[in-house]
Amino acid sequence: MMEILSGVILGSFFSWLFTHIYYKKSSAKIPDWAKPIVEKLPQSEPTEQELLQLFQEALNSRSAIPDPVLGHVACPECFSPSPDFNQTLYGDDSHTVVIKTCPQCGWSEHAEV
Ligand SMILES: [Zn+2]
């Protein structure tokens, strides 16, 4: 009985520790518009509608700006804002390829425009 109880307590502790560390770590990287979502996570899981509402409000207030080529508002890997992306153009008279690169983590994606 004591082993089960201490296992439960230890499990809860590590679960809390992991959540606490993960939360602290991720809150440093997330964009400003997503902070209300992350700050709510330990208390309650936001509904899809709440997430969409926050996202739309961020778009309305221009605190989240979609990349004009890719449509991303932030890097999919590290969540750096899309206006920070580096852009490289390749092409000829009939084709133009845009390569967007994240200066923070090196993520990149290309699109033909
Ligand atoms: Zn990145």
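Before going further, it helps to spend a moment on the overall build of the protein chain. On a plain count of helices and strands, the protein chain comes out with 3 helices and 3 strands. In the protein chain, the succession of α and β elements from N to C terminus is α-α-α-β-β-β. Taken over 113 residues, the protein chain has a buried fraction of 7%. Summarising the internal contacts of the protein chain: among those between residues at least 6 apart in sequence, 36% fall at separations of at least 24.

Take the nonpolar core next. Grouped together as the largest cluster of nonpolar side chains are 6 residues: A64, V73, A74, C75, F85 and C102. Once residues lying within four places of it in the same chain are set aside, the contact partners of F85 are D67, K100, T101 and C102.

A few words on the environment of A64. Within the fold, A64 resides in the loop between α3 (48-60) and β1 (86-91). Here A64 is in contact with P31, W33, F55, A58, L59 and V73, once residues within four sequence places are set aside.

With that out of the way, let us pick up unusual backbone geometry. Even without being glycine, R62 reaches a positive phi, approximately 65°. Positionally, R62 belongs in the loop between α3 and β1. A positive phi angle, close to 70°, is found at F79, a residue other than glycine. Following the sequence through the fold, F79 ends up in the loop between α3 and β1.

Let's shift gears to the environment of V69. Looking at the secondary structure, you find V69 in the loop between α3 and β1. Residue V69 is classed as partly exposed on the basis of its 17 C-beta neighbours within 10 Å. Sequence-wise, V69 and H110 are 41 residues apart; in three dimensions their C-alpha atoms are separated by 9.0 Å. Among all residues touching V69, those that are not within four sequence positions of it are V98, K100, A111 and V113.

We now examine the sheet that holds strand β3 (residues 108-112). The 3 strands lie next to each other as β1-β2-β3, forming an open sheet whose pairing is antiparallel. Each of the sheet's edge strands pairs with one partner strand only, and the pair in question is β1 and β3. Strand-to-strand, the axes of this sheet are offset by a mean angle of 20°, without reference to chain direction. Note: strand β2 (residues 96-101) against β3, 5 bridges, orientation antiparallel.

Between the first and last C-alpha of α3 there are 18 Å, a value that for 13 residues agrees with the 18 Å anticipated at 1.5 Å per step. Positive phi shows up at R62, right after α3, with a value of about 65°.

This next bit is on the pairing of β1. Sparse coverage of β1 is indicated by the burial of 0 of its 6 residues. Across 6 bridges, the pairing between β1 and β2 is antiparallel. Bridge pairing in β2 places Q87 opposite K100. A loop of 4 residues connects β1 with β2, the two strands running antiparallel in sequence.

Procedures and definitions
- Residues numbered from 1 in each chain as written.
- Predicted model: local features only at pLDDT ≥ 70, side-chain atom pairs only at ≥ 80, totals over all residues.
- Helix = DSSP H or I, 4+ residues; strand = E, 2+ residues; numbered from the N terminus.
- Buried ≥ 20, exposed ≤ 12 C-beta atoms within 10 Å, placed from the backbone.
- Contact = placed C-beta atoms within 7 Å.
- Core = buried A, V, L, I, M, F, W, Y, C linked by C-beta atoms within 7 Å.
- Pairing = 2+ DSSP bridges.
- Axes fitted to C-alpha atoms, helices over the stretch in contact; angles between N-to-C directions.
- Expected span 1.5 Å × (residues − 1).

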